[in-house]
Amino acid sequence: MIIPYTDIADDTLNNLIEYYVLREGTDYGEQEMPMAAKVAMVKRQLQSGEVVIVYSELHESVNLMPKQLFLQQQAESPDAS
């Protein structure tokens, strides 16, 4: 289930994005990018709809993922409705 980022308190959203950025260990090129810049980049992706916040009832977890990947997984799921 997709959770609109606008439904999440700012502090909680920031913590969720920081956790995602740290967990992903994404490479941002030759120069190190400050955490604030990484968080801002993910926020822009949420605002544009490129990235979504997904809640999994099965795993009782929240994750950020590219919207296209989420839609692909939904289409491949045997219980997709």
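Below: a short report on this structure. Since the model is a prediction, treat every value here as computed from it, not as a measurement.

**A word on the environment of tyrosine 20**
- Looking at where tyrosine 20 falls in the secondary structure, it is placed in helix α1 (residues 10–24).
- A residue is classified by how much of its surface remains accessible, and tyrosine 20, at 15% relative accessible area, is buried.
- As for tyrosine 20 and valine 42, which are separated by 22 residues in sequence, their C-alpha atoms are 9.3 Å apart.
- Aside from chain neighbours lying at most four places away, what touches tyrosine 20 is Val42, Asn63 and Leu64.

**Section: the layout of surface pockets**
- The space that makes up the largest pocket amounts to roughly 290 Å³.
- What lines the largest pocket is a set of 14 residues, among which Val54, Tyr55, Ser56, His59 and Gln73 lie closest to the centre.
- The set of elements that each furnish at least two residues to the lining of the largest pocket consists of β2 (51–56), β3 (61–66) and α3 (67–76).
- In terms of residues, the lining of the largest pocket owes the most to one element, β3, which gives four residues.
- Of the residues contributing to the lining of the largest pocket, the split by class is seven nonpolar, six polar and one charged.

**Some details on the environment of threonine 6**
- Here threonine 6 is to be found in the loop between β1 (2–3) and α1.
- On the accessibility criterion, threonine 6 (57% relative accessible area) is exposed.
- In this structure the C-alpha to C-alpha distance between threonine 6 and leucine 46, which are 40 residues apart in sequence, comes to 9.5 Å.

**Here's the deal with helix α2 (residues 35–48)**
- The end-to-end C-alpha distance of α2 is 20 Å, a good match for the 20 Å that 14 residues give at a rise of 1.5 Å each.
- Looking only at α2, the buried set comprises Lys38, Val39, Val42 and Leu46. The buried residues of α2 occupy one face: seen down the axis, they fall within an arc of 100°. Exposed positions of α2 whose direction lies more than 90 degrees from the buried face are Ala36, Gln47 and Ser48.
- Directly beyond the C-terminal end of α2, a positive phi value near 90° is found at glycine 49.

Criteria and thresholds
Residues numbered from 1 in each chain as written. Predicted model: local features only at pLDDT ≥ 70, side-chain atom pairs only at ≥ 80, totals over all residues. Heavy atoms only, no water. Helix = DSSP H or I, 4+ residues; strand = E, 2+ residues; numbered from the N terminus. Buried < 20%, exposed > 50% of the residue type's maximum accessible area, 1.4 Å probe, protein only. Contact = heavy atoms within 4.5 Å. 1 Å grid on protein atoms, 1.4 Å probe; cavity = no way out; pocket = protein on both sides within 12 Å on 5 of 7 lines; lining within 4 Å. Points joined across faces, edges and corners; volume = space filled by probe spheres on them. Nonpolar A, V, L, I, M, F, W, Y, C, P; charged D, E, K, R; others polar. Expected span 1.5 Å × (residues − 1). Arc of directions from axis to C-beta.

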